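Inside the fold
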Amino acid sequence: MAQGQKWLVLKFGGTSVSRRDRWDTIGRMAVERGAATGARVLVVVSAVSGVTNELQAICEGNDVHARMAALVDRHRAFCEELGLDADAALGARLAELQGLLDDPRAAERPLPWQAEVLAQGELLSSTLGVAYLRSQGLDFGWCDAREWLQAGQVPNRSEWALRLSVQPSREIEPGFAARFSSHPSPMVLTQGFIARHADGGTAVFGRGGSDTSAACFGALLGAVAVEIWTDVPGMFSANPRVVPDARLLTRLDYAEAQEIATTGAKVLHPRSIGPCRRAGVPMAILDTSRPWLPGTRIDASASAVPGVKAISRRDGVVLVSMESIGMWQEVGFLSDIFALFKHHGLSVDLIGSSETNVTISLDPSDNLVTSNVLEALATDLARVCRVKVIAPCTGITLVGRGMRSLLHRLSDVWATFGRERVHLISQSSNDLNLTFVIDEADAEGLLPLLHAELIRSGAMPVLDPGVFGPSWREIEFGRPQRREPWWIAARGDLLARAAVGTPRYVYRLETVRERAREMLATTAVDRCYFAIKANPHPAILRTVAGEGLGLECVSLGELQHVFATLPELPASRVLFTPSFAPRREYEAALAMGVTVTLDNIEALQRWPDVFRGHTIWLRLDLGRGDGHHEKVRTGGVAAKFGLPLARFDAFLAHAHALDIRISGLHAHLGSGIDDPRHWREVYAHLAGLADTAGDVEAIDIGGGLPIPYTPDAQDFDLAAWRAGLDEIKAACPRYALVVEPGRYLVAQCGVLLLSVTQVVEKDGVHRVGCDGGMNALMRPALYDAWHGIHNLSRLEDAATGTFEVVGPICESGDVLGRNRQLPTATAEDDVILVADSGAYGMTMANTYNLRALPAEDIIE
Ligand code: LLP
């Protein structure tokens, strides 16, 4: 039979070979993938699930005969399921398995015998598999992998490792592919996990070793690809069980895949990448039950997109911190201390050093837990330096290319860590790995936050379709239904408005009404004030007030604007929450009769007469802040807002002395807070304090509700927010619950329309220039905020070009969006729409460079 030399290697793991329908899948895949690639197919299989564990127990001498009998029964039953005659298909193999117990070596259980026992799982599964596939009419040959794969000879490894956790041989035998190709059948089935030991006996690659077998075959055959078919969709940007928003990584280069496999993901055995990388054979991880998903492809041509591709967490890390003034400019100090680690058989992972301190990490290993090796090491080290063992710690690793060029983007990631104690930071010189070691206790809940922050800051470029696929959540539950933005249907109207002149904000009042009604329909909420700083446009104020909301102001200017716009508005519907305002603004506000909030004792001390006898609210700092960016977190020591809890009693005493009644407690801890539980916690905290404060009747839990700016962000979970408030309100019903959202009410009602001025390519970067930038919308420049950017003139064109969208301001920070997909034909005078800019857009616009402020339009 004329046989081509091209091979495709497919590997199937334990769960993929444990049922009849799974073997049907293997047969179908082999035929389909072979036809698709024009290659002959080598299928590498693991043992039926659970079998290797049983063989392992037999190796350890546990219940040997009962286990053996159960294994024989299980395989016989499986033959029956497959419609095979067990004696014909598997008789000889089962006899060989049982024979191992009669082997004289069985008494002593030496390592070579154990390797042979362990090998039986794959030998059995491949033998019955090939019999079944043939019975289905497929032309499959079978081979014993030990005839083809050799265990490598690695120095300094234990006898155990050299038999039961071998490394593959690196030698590429000349003529291997030709020899293998002489196999008569077009498709061949073989075993994973097993190899030939140098002494002619059996060796195994260790757990997960079937990936390594497939990779070795692929490398030796120069295969077109090695495909690992498994029961997960591929590698993800974080462990999806912990971070459901983790994204499928569709394309990685070998080095990135190696780092991810080594530091976290269990999907691919780390040892399997080396052989394919050296031979330049592409690898793929694919999902047997969802073969239409893109999977993870690993090859050398993956484009070197800089950015964090994945984060992982490793617990049980032990740090050894060694402090000595003696090491400064001392020759050989490190060599001396590392000799001690070697002496105690400990392998060092990360290293951080300064003039007087060296801190290293040890990977979790049984050795550390079960022996007193650390104690012994510490005693030895104490002779040369001061030693501190810090454990248990967690290593959080960011993996990706070009980590160094990303550091500036990580400022908020640093801030996330800033709240924890970071013991060690290590950046690898291959520029692929940045690891933080923190206390294990601090790592709880950190990964989802960090993942979200990496996306938000742009450090993890999830919008790059060449690297990032769907999220785990989307794969499992389908893409969440987001409200379609109103501006798509209003496109014609918006283009007409843009023709009058840009930059121009356009606000749709119906959206404001919808959001206001959502707030009012929240039963637990007794009063809602709109934070007008988000958008004080008169039409918006009238709309919000018309729906029955109050208004929250932070300056005399805002107060005057409110009463100029709404002269009939009762003062009782206005709240004044200034920060570091001058005395006269408090006087004016109190004279107007609005509710005034104060957040420090000094104001009472300096201006006792201003406040004497009045009723006010007290704004507290609950000791923590939250929000979409460091600059909008308004609680915690770094923030200028709120009275610290430690001064609460002192404030009450001062107020009492001035005959001041405190009728409300207030806390607004930040803006754009994703966690819907935040507000119920604030209420619970304030209610606890209010109980001691006497006259309090209202508890204001601030604003801060987020909106989804990025395409993969979800709508705020209003139902969860309401449920949390219901619950806490039921627990402490004494107080009126007050909220004061800004963004949530108006962000999505507004768009910013700009015109393209110039499209320029410079050093490979294509830029779309617009007639408004950081002057019209400061959020991207100030907070690295992400807003959707669309070419409204060419909305039906595919957005296949990648552009940086910039404004006309003479600062390099004048960037509205990086790496944005827009139609390649984008040209001068096209109308660009910047989405979700109804909050903190116009209100923060400025005339820098003497550029005029944007116009504003209302859609009633
Ligand atoms: N209450 C107080 C006391 C506030 O300081 C703020 C906002 C709010 C309520 C309303 O917060 P919201 O619901 O809008 O998150 N310019 C930033 C936001 C700054 C928020 C300042 N204070 C941005 O564009 O993200």
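Scroll up to find the structure.
In this report, we go over the structure that sits alongside the text. (Residues numbered from 1 in each chain as written. Predicted model: local features only at pLDDT ≥ 70, side-chain atom pairs only at ≥ 80, totals over all residues. Heavy atoms only, no water.)

One side chain can pair with another of opposite charge once the charged atoms of both are near each other. Evaluation of the coordinates by the stated rule reveals 43 salt bridges. As a salt-bridge pair, R179 and E173 come within 2.8 Å of each other at their nearest N and O atoms. Linked through salt bridges whose partners overlap, the residues forming this network are D493, R497, R504 and D857. (Salt bridge = Lys/Arg side-chain N within 4 Å of Asp/Glu carboxyl O.)

Below, the discussion takes up the nonpolar core. In terms of nonpolar packing, the biggest core is built from 128 residues, with W23, V43, F180, F217 and L398 touching the most fellow members. No other element matches helix α5 (residues 111-135), which puts twelve residues into this core. Excluding residues that lie within four positions of it along the chain, V43 makes contacts with L10, F12, I26, A30, F140, V188, L189 and T190. Judged by nonpolar contacts, the second largest core, of 107 residues, contains M519, V610, I707 and I789. (Core = buried A, V, L, I, M, F, W, Y, C linked by side-chain atoms within 4.5 Å. Buried < 20%, exposed > 50% of the residue type's maximum accessible area, 1.4 Å probe, protein only. Helix = DSSP H or I, 4+ residues; strand = E, 2+ residues; numbered from the N terminus. Contact = heavy atoms within 4.5 Å.)

A few words on the packing of helix α26 (residues 678-693) against helix α27 (residues 718-731). A pair of packed helices is captured by two measures, namely the crossing angle of their axes and the spacing between those axes. Viewed as axis vectors pointing N to C, α26 and α27 meet at an angle of 20°, and their least axial separation amounts to 8 Å. When the axis of α26 is compared with that of α27, the two are roughly parallel. Two packed elements cross with a definite hand, and for α26 against α27 that hand is right-handed. Where α26 approaches α27, its residues W679, R680, Y683 and A684 are matched on the opposing element by W721, G724, L725, E727, I728 and K729. Across the contact of α26 with α27, the residue classes tally to six nonpolar, one polar and three charged. (Axes fitted to C-alpha atoms, helices over the stretch in contact; angles between N-to-C directions. Parallel < 35°, antiparallel > 145°, perpendicular 65-115°, else oblique. Left-handed = near helix turned anticlockwise from the far one by under 90°. Nonpolar A, V, L, I, M, F, W, Y, C, P; charged D, E, K, R; others polar.)

With that out of the way, let us pick up the packing of helix α4 (residues 86-102) against α5. Direction vectors running N to C along α4 and α5 enclose 170°, while the axes themselves pass 10 Å from each other. One way to sum up the angle between α4 and α5 is to call them roughly antiparallel. Here α4 contributes A89, L90, R93, L94, E96, L97, L100 and L101 to the contact with α5, which in turn contributes W113, E116, V117, Q120, L123, L124, T127, L128 and A131. Within the contact of α4 with α5, the residues separate by chemical class into twelve nonpolar, two polar and three charged.

Moving on: the side chain of Q191. With respect to the helices and strands, the residue Q191 is situated in strand β4 (residues 187-191). Residue classification places Q191 among the buried positions, given a relative accessible area of 0%. Among the polar contacts made by the side chain of Q191, one reaches the main-chain carbonyl oxygen of C143 at a distance of 2.9 Å. Only 3.5 Å separates the side chain of Q191 from the side chain of T190, close enough to count as a polar contact. In this view, Q191 contacts V44, V45, E122, L123, S126, W142, C143, D144, A145 and S213; residues no more than four positions away in its chain are not counted. (Polar contact = N/O pair within 3.5 Å; in protein donor to acceptor, adjacent residues only side chain to side chain.)

Moving on to the packing of aromatic side chains. Going through the model one piece at a time under the given rule, you end up with 15 aromatic pairs. When the ring of F236 is compared with that of W472, the centres are 5.6 Å apart and the planes differ by 80°; the resulting orientation is edge-to-face. Taken together, the positions of F236 in the loop between β7 (225-230) and β8 (247-249) and W472 in helix α17 (residues 472-477) put the pair 236 residues apart, joining distant regions of the chain. Owing to a relative accessible area of 6%, F236 belongs among the buried residues under this scheme. Aromatic pair Y529 and W617: ring centres 6.5 Å apart, planes at 85°, arrangement edge-to-face. In this pair, Y529 is assigned in strand β20 (residues 527-531) and W617 in strand β24 (residues 615-621), connecting sequence segments 88 residues apart. The pair Y529 / W617 is uniform in exposure class, with both members buried. Members of the aromatic cluster, connected to one another through ring pairs, are W7, W148, F176, F180 and F217. Here R820 stacks its cationic end above the ring of W786, 3.9 Å away from the centre of that ring. (Phe/Tyr/Trp six-rings, centres within 6.5 Å; stacked < 30°, edge-to-face > 60°. Lys NZ or Arg CZ within 6 Å of the ring centre and 35° of its normal.)

Cis geometry marks the peptide bond from A391 to P392; its omega dihedral reads -5°. One can find P392 in strand β15 (residues 386-401). The peptide bond linking T502 to P503 adopts the cis configuration, its omega dihedral lying at -5°. Looking at the element boundaries, P503 is found in the loop between α18 (491-500) and β19 (504-508). Even without being glycine, D763 reaches a positive phi, approximately 45°. Among the structural elements, D763 can be located in the loop between β29 (750-762) and β30 (765-770).

Attention shifts here to a nonpolar patch on the surface. Together, L407, W414, V422 and I425 line one region of the surface with nonpolar side chains, adding up to about 290 Å² of accessible area. Its place among the elements puts I425 in strand β16 (residues 422-427). On the accessibility criterion, I425 (42% relative accessible area) is partly exposed. (Patch = residues over 30% accessible without salt bridge, like charges linked within 9 Å, V, L, I, M, F, W, Y side chains within 5 Å. Areas by Shrake-Rupley, 256 points an atom, 1.4 Å probe, with all protein chains shown as cover.)

Time to look at the sheet that holds strand β3 (residues 140-142). Taken in spatial order, the eight strands of this open sheet run β3-β4-β2-β1-β7-β10-β11-β9, and their pairing is mixed. Looking at which strands have only one partner, the edges of the open sheet turn out to be β3 and β9 (251-252). As defined by bridge partners, strand β1 (residues 7-12) adjoins strand β2 (residues 40-45) across six bridges and the pair is classed as parallel. Within β2, the residue paired with W7 across the bridge is R40. On top of the sheet, helix α8 (residues 209-221) reaches β1, β2, β4, β7 and β10 (283-287); it is set at about 180° to β1, its chief contact. (Pairing = 2+ DSSP bridges.)

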